[in-house]
Each structure stands twice: as structure tokens, then as C-alpha cells.
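Analysis of the macromolecular model
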Amino acid sequence: MISRCLVFILFCLAATVAKAADVFPSNAEGCDYHLRGQIVSGDAEKLKVLPINSQGITLCLDSPGGSFAEGKRLFDTIWDQDIATMVRSGERCESACSLAFLGGSMRIGTAVIRFQMRSLHPGGKLGFHSPSLNLPNENSYPASEVQTAFAIALKAAESFFDIKLSEEHDVEAMTDFLYQRILGTRPENMFHIESIGDAVLANITVTGLTPPASITEREIANICDNTYAANLMDGRPGYTTSSQYYDEILIGDPDGDRKVVLTRRGEDLIGKVFNYDTPSKFSALGCLVRISDDWKRFWDTDYSPLSVRFEQYSVGDDFGDGEAEEFSAPYWYLLPASLKLDQQAERNVAGQNANASTSAPAASGEGGFVRLSGYDLYGGDLPDGVLRNMSAEDCVSSCHARSGCDAVTHDRWNRICIQKSVGDSNGRLYLLSKADTYVQRAAAGSLKPNLSVPVQTFTKQNKGFPGQPDESLQAGSAGQCETLCTERTCLGFNWSAGSGRCDLFARPGVYSDAEGIVAGFMVQPVQ
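Since we're looking at a predicted model, the values are computed, not measured.

Calculation rules
Residues numbered from 1 in each chain as written. Predicted model: local features only at pLDDT ≥ 70, side-chain atom pairs only at ≥ 80, totals over all residues. Heavy atoms only, no water. Helix = DSSP H or I, 4+ residues; strand = E, 2+ residues; numbered from the N terminus. Buried < 20%, exposed > 50% of the residue type's maximum accessible area, 1.4 Å probe, protein only. Contact = heavy atoms within 4.5 Å. Areas by Shrake-Rupley, 256 points an atom, 1.4 Å probe, with all protein chains shown as cover. Arc of directions from axis to C-beta. Expected span 1.5 Å × (residues − 1). Polar contact = N/O pair within 3.5 Å; in protein donor to acceptor, adjacent residues only side chain to side chain. Core = buried A, V, L, I, M, F, W, Y, C linked by side-chain atoms within 4.5 Å. Pairing = 2+ DSSP bridges. Axes fitted to C-alpha atoms, helices over the stretch in contact; angles between N-to-C directions. Salt bridge = Lys/Arg side-chain N within 4 Å of Asp/Glu carboxyl O. Disulfide = S-S within 2.5 Å. pLDDT = per-residue confidence, 0-100. Phe/Tyr/Trp six-rings, centres within 6.5 Å; stacked < 30°, edge-to-face > 60°. Lys NZ or Arg CZ within 6 Å of the ring centre and 35° of its normal. Left-handed = near helix turned anticlockwise from the far one by under 90°. Nonpolar A, V, L, I, M, F, W, Y, C, P; charged D, E, K, R; others polar.

Moving on: the overall build of the protein. When helices and strands are counted, the protein shows 13 helices and 27 strands. Taken across its 527 residues, the protein has 51% of its residues classed as buried. For the protein, the proportion of contacts with a sequence separation of at least 24, taken over those separated by at least 6, is 70%. Put simply, the protein shows about 24,100 Å² of open surface, and 49% of that area lies on carbon and sulfur atoms.

The phi angle at His169 is positive, at roughly 55 degrees, despite the residue not being glycine. Relative to the elements of secondary structure, His169 occurs in the loop between strand 10 (167-168) and strand 11 (171-172). At Asp384, a residue that is not glycine, the phi angle is positive and equals roughly 55 degrees. Turning to its location among the elements, Asp384 is positioned in strand 19 (residues 369-388).

Glancing now at helix 6 (residues 176-184). Each α-helix winds once per 3.6 residues, and so residues spaced three or four apart point in a common direction. Residues of helix 6 that are buried include every one of Phe177, Leu178, Arg181 and Ile182, and no others. One side of helix 6 carries all its buried residues, which in axial view fall inside an arc of 130 degrees.

This paragraph deals with helix 3 (residues 68-80). Its 13 residues give helix 3 an end-to-end C-alpha distance of 18 Å, which sits within 8% of 18 Å, the value for a rise of 1.5 Å per residue. Restricting attention to buried positions, one finds in helix 3 the residues Phe68, Glu70, Gly71, Lys72, Leu74, Phe75, Thr77, Ile78 and Trp79. Two to three positions downstream of the cap, the backbone nitrogen of Ala69 sits 3.4 Å from a side-chain oxygen, assigning the N-cap of helix 3 to Ser67.

Leu126, Phe128, Ile193, Ile223, Tyr276 and Trp332 are the most contacted members of the largest nonpolar core, which has 81 residues in total. Looking at this core, the element that brings in the most residues is helix 4 (residues 96-102), giving six residues. Counting 25 residues, the second-largest nonpolar core is a separate cluster that includes Leu431, Val439, Cys481 and Leu504.

Two orientations exist for strands paired in a sheet by backbone hydrogen bonds: parallel and antiparallel. In space, the five strands of this open sheet follow the order 14-15-16-17-18, with antiparallel pairing throughout. Sheet topology places strand 14 (260-265) and strand 18 (325-329) at the edges, where each strand pairs with a single neighbour. Going across the sheet, the axis of each strand differs from the next one's by a mean of 25 degrees, ignoring polarity. Inspection of the sheet shows strand 17 (residues 306-313) paired to strand 18 by five bridges, in the antiparallel sense. Residue Ser307 lies in a different strand from strand 18, and its bridge partner there is Ser328. Helix-sheet contacts for helix 8 (residues 217-231) involve strand 14, strand 15 (268-276), strand 16 (284-292), strand 17 and strand 18, and the interaxial angle to strand 15 is about 55 degrees.

A separate point is the sheet that holds strand 12 (residues 191-192). What the three strands build is an open sheet, ordered 5-9-12; its pairing is mixed. Of all the strands in the sheet, just strand 5 (92-94) and strand 12 have a single pairing partner and so form its edges. Note: strand 9 (residues 125-128) against strand 12, two bridges, orientation antiparallel. Paired with Gly127 across the bridge in strand 12 is His192.

Once that is clear, we can look at the pattern of salt bridges. Summed over all chains, the structure comprises 21 salt bridges. Between Asp62 and Arg36 there is a salt bridge, and its shortest N-O distance comes to 3.0 Å. Linking Asp62 in strand 3 (residues 57-62) with Arg36 in strand 2 (residues 33-36), this pair joins segments that are 26 residues apart in sequence. Its relative accessible area of 17% is what places Asp62 among the buried residues. The class of Arg36 is partly exposed, set by a relative accessible area of 32%. Close ionic contact of Lys434 with Asp411 constitutes a salt bridge, the shortest N to O distance being 3.4 Å. Within this pair, whereas Lys434 is found in strand 21 (residues 416-440), its partner Asp411 is found in strand 20 (residues 407-411), the two being separated by 23 residues in sequence.

Covalent bonding between the sulfur atoms of two cysteines is what defines a disulfide. Applying the stated criterion across every chain yields a total of seven disulfides. Each sulfur of the disulfide joining Cys395 and Cys417 lies 2.1 Å from the other. Looking down the S-S bond of the Cys395 and Cys417 bridge, the torsion is 75 degrees, so its handedness is right-handed. Of the two residues, Cys395 sits in helix 11 (residues 392-400) while Cys417 sits in strand 21, which places them 22 residues apart along the sequence.

Glancing now at the confidence of the model for the protein. Predicted confidence across the protein gives a mean pLDDT of 84, with 86% of residues reaching 70 or more. Contacts from residues 348-367, a stretch scored under 50 in pLDDT, to residues over four places away or in other chains number 41 contacts.

Here we take up the packing of aromatic side chains. Counted by the stated rule, this structure contains 24 aromatic pairs. Ring plane angle 85 degrees and centroid distance 4.9 Å describe the contact between Trp332 and Tyr333, whose orientation is recorded as edge-to-face. Residue classification places Trp332 among the buried positions, given a relative accessible area of 9%. We classify Tyr333 as buried; its relative accessible area is 6%. Here the aromatic residues Trp413, Phe458, Phe465, Phe505, Tyr511 and Phe521 are joined through ring pairs into a cluster of three or more. Of note, Arg114 hangs over the ring of Trp79, and the distance from its end group to the ring centre comes to 4.0 Å. In this structure, Lys272 is placed above the aromatic ring of Phe319, and the distance from its NZ or CZ to the ring centre is 5.2 Å.

Pairing of strand 14 with strand 15, which is carried by six bridges, proceeds in the antiparallel orientation. Bridged to Val260 within strand 15 is Val273. Linkage of strand 14 to strand 15, two consecutive antiparallel strands, is achieved through a turn of two residues, within which Gly266 is found at a positive phi near 65 degrees.

A few words now on the side chain of Thr58. Along the chain, Thr58 turns up in strand 3. Once you skip the residues sitting within four places of it in the chain, Thr58 turns out to touch Gly30, Cys31, Asp32, Tyr33, Ala84 and Met86.

Right, let's get into the environment of Thr58. Owing to a relative accessible area of 15%, Thr58 belongs among the buried residues under this scheme. Between the C-alpha atom of Thr58 and that of Met106, which follows or precedes it by 48 residues, the distance is 10.0 Å.

Packing of helix 8 against helix 9 (residues 242-251) leaves a shortest axis separation of 10 Å and a crossing angle of 115 degrees. The hand of the helix 8/helix 9 crossing is right-handed. Across the interface between the two elements, Asp225, Asn226, Tyr228 and Ala229 from helix 8 touch Tyr246, Ile249 and Leu250 from helix 9. The residue makeup of the contact of helix 8 with helix 9, split by class, is five nonpolar, one polar and one charged.

Structure (C-alpha cells):
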């Protein structure tokens, strides 16, 4: 009796929930189908009957986990078919679900080459841990039952290794780093892909990130470090975080100085990073990358990936003309390994969360409005609802007095008020530094930030935002100042070339002339 119970409950990878996984057609952006709910035996069969066309399909995953064995079967099914996997913002794929996620790939082209296609959005949760063994609450067990449990444990380890060995056309289902982290994370804990560095070392694509404003030495160092970590960094015993790997990368060759050089050649930027470590006693490794001026066109796409070359050279010399090992790198490798993925989502929702209980000046009582700072509500504009030369207080009052109006977007910089109907809008909020949206409290819960559209940063030379900044830091360039802003709840910044001061503003006012200052502000284009 105990043995049957033991075998039954072994390696359930998540807490039980009421409803088993359901697979259904999805209208969510980027998804053809959704798998949602706890994973149980038989779920893999639901994928085998899905109609898959020549372009493949994308399966979005939203599950707390469930049966380890079925998670492995889901992986096999997804790997064997042309199914891409995705975890969207606000959804989670943990435990047994994460095994299914790892199978996301497609075989494309006349040569039938496999391409990895599994993506994580900022604000989504992708979590891994080792299998659990839940024994009944007994003090001792017969040897036969211990042997049974041990055999099942070995079978589970074999299944993990099967996934680790799944590789075709240089597409690995599981990297050494991820394999180490899964086995090293106890069942009661969870290893989440939380940073750029985690995603790089686990070879998981991240989409929906904000591109840097420009390419500086810092971005060159980022893409070289990330490419080195993804392709040239071996596993390290005892390492438990991605930051430990990057700390080692930053040390570089002990006999050389880490140096970054950025030059221009026509319409291209040429970046070099010196002194990566190499097994050779008499040479170091240098990184060379060429980036065209139109690189932002390809952000968040698979088109025209960057080519990153690593070349051995004698310490103290230059490099760039010798034989090199070349790798393709996505554009999001330009971002720092330390950047937390949820910071992108947090910045988009910060205004909504922080101001959910803040009424506009003219609002009061049950029909009060809440302010969503730094957002534009797309659509739902009322006829003749554009009012000029108007304060926020008067803007909200005008909506309060008009039938059918339950929201306004107020352009603070230009004092423009746009009256809106939430029901006629698309319900999505777009980041806009110069604007605030005020919405009746009862309708506020239906509005969501659009996390699928990348935020863009615009800069103005010899311009600056007025007033007291929310935070002041030091930065060596406008690009570094922008990165500091991106990593915080910040919608605008001033950077002084003379002092290196980086002033950050949560709600920047309209900029004006300021000699020697670069003003930057955030905009999420409506699509």
C-alpha cells in the first residue's frame, strides 16, 4: 500500500490546483494556442491533434506545473513538432511546465534546419526546480520501498539528462548552466529566469525589452560579455547564480587590462573589448562587433542578428585582422547582464500601482478619478473631446460633467485634454512621458499596460527638464544615464556632459533650453 502511494505521489512538481490543463485557441497577441492549468497525464495528447501549418504554431504556457512525467512528454511532443513556446507577461510557467517550455523549436527551410523558438516576456515567470519526493509521514520504510523510490529518482534524473542531450543543428534544449541550476534547486524552492544574465546562460530568448538610446562603450561591453557567456563560458562547480559567471568574465586576463574601444567606420560602429581570458599562456582573447546605424530596426526581431567575433592576440597588441571564431547574437544582448527582466514590466505598471489610490485634484466621492502617471489611453476619444489650454484639474472636471466620459488623457507639456470612453478604447495603456491618464475608479481595473510594445527613448541636445529631480546619480554618458533611468521608475532624465550628473524624473515637466544638457524621455509608440 505504501509503495503504491509512494510511486503515485513521487515527482509531482507543483501544488495541486482545482483544474487540469486546458489547451485552446488563443486570441492573445503572439499566441496561436494556450495551455493553461495544472499539468496532468494525457495533456501531451492534446498537442498531438493540433493543426500545425508550414509556419508552425506558437503555444503560450500558463501553468504552475504538475506531473513531472507528463511535463517530459510535453517536451518530447513540442520538440518533435513545429511548436514555438512563449510565456507572456502576467503569466507563469513553472516546474513541470518549464520542461514543456524548453522544447520550443521549429524545423524550417528546404534543409529542414532546427531553430530554437522559446521566448519569455518581461513580467512573465519561468521557474525551474528539481523533482520532489513526498514520502508518507512514517518513521522508517522497508528496504524494498526505499529501492523503489531510488529507482524512480534515477529514472527522473535520466529524463532530465535526456532533455539535456536533446540537441540538433547547434540548438540545445538545456544548457549546462540551466541543468546545474535545476538539479541544484530544491523542490521547495524555485529558480526563476530573472535577469538578462540568467536568460543568456539558459539560452532563452527575451522579447519586449527596451532598446538602449544609443550605442556606447557600455553596450559594446554588454554584447561581448553576453556572447562570451553564451558560447565560450564553461560550467563552474559550485556556482549558483549567473552573476558569478559574469564576475569571472569581468576579471579578464590577469596580465592585461580590460579595455573597450569604440570607433566609427562609415555608417557602422566598430567596437572592441580586450583581454578576455583564454587557456593560452601567451595570448588573450579580444571581441570585435560591427553595428550599423539602423540597428534599432531589427530590435526584437530575428532578422540580421549581430555578428560577434572572438580573436586570440598577444597581450599588449591590437587585433581585428586575424582568424576568429564568429557567433550570432540577438540585439537584446546589448543590455547589461544585471538588468532584471521584471524592471521593464515594473516601469510600465508602476504608475498604475503607485497611483491607484490617488484622486485627481477635481475628483472626490464615489465617482472619483485615479491618476495613471505617464500613460496614454489608446482610442475611445469622444467627439469634440479635444480641449486645449487646460489644466489637469479642469480636464478631469470637464469629463466628470460630460455624459459618457469616464477617462481623460492630459498632455502636461502642451496642456491638452482628451476626453475618452473606456468602453470604446482598446483598454491598453501606452507609456508617454508627457501625459497622465485619469480614469473613474470603477473602470480603472479594466485598463492594462501594453507590455508587448518596446519603449523608445528620445533625446534632445541642449535641453533640460526643470525642477527637483527624484534621484541624482553619476553617469559617463547620456546612454548610461538612460540605462539608469530604465532600471528605475523613471520617465525622463537630464545628463550633464560637464559634471557627469544624471538627474532622473518620475513625471518630467516640459523641457526647455539648457546649454550642455541632454534631456531624454520615454515613449511607447502606438501600434
